[in-house]
Amino acid sequence: MKPLIFTLVGPDKPGLISNLSKAVYERGGNWLGSNFSHMAGHFAGFVHIDLPAQKHDELISLFSKHPDLHIHLVSAQTTLISGQQTAQINIMGNDKAGIVQELTRVLNQFNLNIIQFDSACTSAPNWGSILFKAKAIVEIAPEVKLVSLREALENIANDLMVDIELV
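Residues numbered from 1 in each chain as written. Predicted model: local features only at pLDDT ≥ 70, side-chain atom pairs only at ≥ 80, totals over all residues. Heavy atoms only, no water.

Novice: What's the story with unusual backbone geometry in this structure? I'm lost.
Specialist: Working note: non-glycine residues mostly have negative phi, and peptide bonds are mostly trans. Phi is positive for Ala40, which is not a glycine, with a value near 50 degrees. Assignment of secondary structure puts Ala40 in the loop between β2 (30-39) and β3 (42-51). Since its relative accessible area comes to 79%, Ala40 is described here as exposed. At Asn111, a position not held by glycine, the phi torsion is positive, near 60 degrees. Topologically, Asn111 is positioned in the loop between α3 (99-109) and β6 (113-124). Judged by relative accessible area, which is 64%, Asn111 ranks as exposed. (Helix = DSSP H or I, 4+ residues; strand = E, 2+ residues; numbered from the N terminus. Buried < 20%, exposed > 50% of the residue type's maximum accessible area, 1.4 Å probe, protein only.)

Next comes the structure, spelled out in structure tokens:
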């Protein structure tokens, strides 16, 4: 077995995941993990599978001909750095242009590797504005001071609330 990652995007419709998972299963593969979202009228996501090496070309050929999705496959690698731990960072505040760039700039300043980053903007009914929410899971070295990281993130905006928890 050899791991593969594939990304996909296309118009959303019922049965897309069922068809993809069937194709992986029929070639002796194992679906290890996935993350999907409906965004701006499209379906997007990524999948981690194990597949016999001799079936890679067959699956790549099949997926390249998919009528509804643009699919890109790459060989998977393990990326966790030895000695690193993970932390979950929850962020909430009023939305503003550039907030993701500012947040990721701070994470980069602390040399953190982003493992997962989910964000959304929702209506804040009591304030009449748009509320930004994000959850990041990052690799974090033991010497990183969580208090300093939280302060740096909160300094991006006056109303930004940040919660950091080691996982």
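Novice: Even after reading the chapter, I still don't get α3, so can you show me in this structure?
Specialist: When α3 is considered as a whole, its buried residues turn out to be Ile99, Glu102, Leu103, Val106 and Leu107. Mapping the buried residues of α3 onto a view down its axis gives an arc of 135 degrees, with all of them on the same face. Turned more than 90 degrees off the buried face of α3, the exposed positions are Asn108 and Gln109. Of the residues trailing α3, Asn111 is marked for its positive phi of about 60 degrees. (Arc of directions from axis to C-beta.)

Bear in mind that shape data such as this cannot, by itself, settle questions of function.
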